[in-house]
Amino acid sequence: MIKFDNVAVHYGSNKSETTALNGISFEIKEGEFVTIIGKSGCGKTTLLNVLGGITAPNEGHFYFQGKDVANFNDKELSKYRNEKISFIVQHFALIQNFDIMTNICLPLKYRRNKNIPKKSYIREVMEKLGIADYEYDYPYPLSGGEKQRVAICRSIISDTDIILADEPTGALDEENSKNIVNLLMELHNSGKTIIMVTHDLELAKLGNHRLEIRDGKIINEEFSSK
Ligand SMILES: Nc1ncnc2c1ncn2[C@@H]1O[C@H](COP(=O)(O)OP(=O)(O)O)[C@@H](O)[C@H]1O
Ligand SMILES: [Mg+2]
């Protein structure tokens, strides 16, 4: 489904250039639970941004379903970003002056009435995640765990094949971390392709495809069957 072929990403101009990804190659098959581990600054977020169609490689190629994403036109790229991929980011990316329901429905805004879930379904998912009472509340007073569940709810209802999670438990205590990881496992078991960046070695073990990155390169790749 996904293929990186010698992808490199550099930031900045020639003199003060940072190489965030330095020739990365790997493939992801549909339905995998991929975990990515590595020290801060090694290029994990950059890798997710390439996967999300946000950052284009400076060298090499990123293929989605056999097509080079660099050749996507604007329409194909926004379709990819909105309908194929959803992001659960480190700091939840909730908009402070929108209520929780509006925040959850943000990715649906760009869908022109296609694949729009019913409000009743959205409420059902909120219920399951324990955030149903916050529908009309604003993000500010919610705890970290609650905000992260809002972000996960947004990802679930946008029903994309691929879910990218950037240290989704980084700001949470152990119990909330467990809940979030269990939710991601459930999504994986329902057939979604999950790609999760984490600092936590124990969490990384949950993946059935594990990548370790150092200085913008893959230094270890492991698979385990279920
Ligand atoms: N927008 C940017 N401009 C310049 N340098 C950046 C930018 N984003 C990341 N970097 C640099 O690229 C490297 C990789 O960053 P990042 O992908 O965020 O790593 P990680 O998520 O593993 O901490 C780091 O050295 C970081 O400072
Ligand atoms: Mg990061």
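Residues numbered from 1 in each chain as written. Chains lettered and ligands numbered in written order. Predicted model: local features only at pLDDT ≥ 70, side-chain atom pairs only at ≥ 80, totals over all residues. Heavy atoms only, no water.

Participant: What's the story with the overall build of the protein chain in this structure? I'm lost.
Facilitator: Secondary structure assignment for the protein chain yields seven helices and ten strands. For 226 residues, the compact-globule estimate of 2.2 N^0.38 gives 17 Å, and the C-alpha radius of gyration of the protein chain, at 17 Å, lies within 12% of that figure. Projecting the C-alpha coordinates of the protein chain onto the three principal axes gives extents of approximately 50 × 40 × 40 Å. Burial statistics for the protein chain: of 226 residues in total, 49% are counted as buried. At a minimum sequence separation of 6, the contacts of the protein chain that also span at least 24 residues come to 70%. Put simply, the protein chain has 28 plus and 31 minus side-chain charges, and the middle of one group is 5 Å from the middle of the other. (Helix = DSSP H or I, 4+ residues; strand = E, 2+ residues; numbered from the N terminus. Rg over C-alpha atoms; globule rule 2.2 N^0.38 Å. Buried < 20%, exposed > 50% of the residue type's maximum accessible area, 1.4 Å probe, protein only. Contact = heavy atoms within 4.5 Å. Lys, Arg positive; Asp, Glu negative; His and termini not counted. Charge placed at Lys NZ, Arg CZ, Asp CG, Glu CD.)

Participant: Please clarify how the sheet that holds strand 5 (residues 67-68) should be interpreted in this entry.
Facilitator: The strands making up a sheet are joined through hydrogen bonds of the backbone, oriented either antiparallel or parallel. The four strands are arranged 2-1-4-5 in an open sheet whose pairing can be described as antiparallel. Every other strand in the sheet has two partners, leaving strand 2 (18-28) and strand 5 as the edge strands with one partner each. In this structure, strand 4 (residues 59-64) lies alongside strand 5, joined through two bridges in antiparallel fashion. Each residue of the ladder has a partner; that of Phe-64, found in strand 5, is Lys-67. In the packing of helix 1 (residues 44-51) onto the sheet, contacts are made with strand 1 (2-11), strand 2 and strand 4, and the angle to strand 1 comes to roughly 120°. (Pairing = 2+ DSSP bridges. Axes fitted to C-alpha atoms, helices over the stretch in contact; angles between N-to-C directions.)

Participant: Just checking my understanding: could you explain the sheet that holds strand 8 (residues 193-198) for this structure?
Facilitator: In spatial order, the strands read 6-7-8-3-9-10; together these six strands make up an open sheet with mixed pairing. In this open sheet, the two edge strands, each paired with only one partner strand, are strand 6 (85-88) and strand 10 (217-223). The mean angle between the axes of side-by-side strands here comes to 15°, regardless of whether they run parallel or antiparallel. Against the sheet, helix 1 engages strand 3 (33-37), strand 6, strand 7 (162-166), strand 8 and strand 9 (209-214), with an angle of about 155° to strand 7. Lying on the sheet, helix 6 (residues 174-189) is in contact with strand 3, strand 6, strand 7 and strand 8; it crosses strand 8 at an angle near 155°.

Participant: For this particular structure, what's the right way to read unusual backbone geometry?
Facilitator: Backbone phi values are negative for most residues with the exception of glycine, while trans is the configuration of most peptide bonds. Look at Gln-65: it is not a glycine, yet its phi comes out positive at around 45°. Along the chain, the position of Gln-65 falls in the loop between strand 4 and strand 5. Positioned with a positive phi, Asp-215 is a non-glycine residue whose angle comes to about 50°. As for its position among the elements, Asp-215 is in the loop between strand 9 and strand 10.

Participant: How do you make sense of the packing of helix 5 (residues 144-158) against helix 6 when you look at a structure like this?
Facilitator: Describing two packed helices takes the angle between their axes plus the distance from one axis to the other. Between helix 5 and helix 6, whose axes approach to 10 Å, the crossing angle comes to 10°. Relative to helix 6, the element helix 5 is oriented roughly parallel. For the pair helix 5 and helix 6, the contacting residues are Gly-145, Gln-148, Arg-149, Ile-152 and Ile-156 in the first and Asn-176, Ile-180, Leu-183 and Leu-187 in the second. Of the residues in the contact of helix 5 with helix 6, the class split is five nonpolar, three polar and one charged. (Parallel < 35°, antiparallel > 145°, perpendicular 65-115°, else oblique. Nonpolar A, V, L, I, M, F, W, Y, C, P; charged D, E, K, R; others polar.)

Participant: Is there a simple way to explain the site of ligand 1 in this structure?
Facilitator: The environment of ligand 1 is made up of Tyr-11, Thr-18, Ala-20, Lys-39, Ser-40, Gly-41, Cys-42, Gly-43, Lys-44, Thr-45 and Thr-46. Between an oxygen atom of ligand 1 and a main-chain N or O atom of Cys-42, the distance comes to 3.3 Å. Take Thr-45: an N or O atom from its side chain is 2.8 Å from an oxygen atom of ligand 1. Taking 560 Å² as the accessible area of ligand 1 by itself, protein coverage stands at 59%. For the shell around ligand 1, the elements supplying multiple residues, two or more each, are strand 2 and helix 1. Looking at the shell around ligand 1 element by element, the count peaks at three residues for helix 1. (Near = heavy atom within 4 Å. Polar contact = N/O pair within 3.5 Å; in protein donor to acceptor, adjacent residues only side chain to side chain. Areas by Shrake-Rupley, 256 points an atom, 1.4 Å probe, with all protein chains shown as cover.)

Participant: It is not clear to me how the nonpolar core should be interpreted in this structure. Could you clarify?
Facilitator: The nonpolar side chains of a soluble globular protein tend to be buried, and buried together. Counting residues in hydrophobic clusters, the biggest one holds 31 residues, and the most contacted among them are Ile-104, Ile-122, Met-126, Cys-153 and Leu-184. Every element with two or more residues in this core is listed here: helix 3 (100-105), helix 4 (119-128), helix 5, strand 7, helix 6 and strand 8. In terms of residue count, the dominant contributor to this core is helix 5 (six residues). (Core = buried A, V, L, I, M, F, W, Y, C linked by side-chain atoms within 4.5 Å.)

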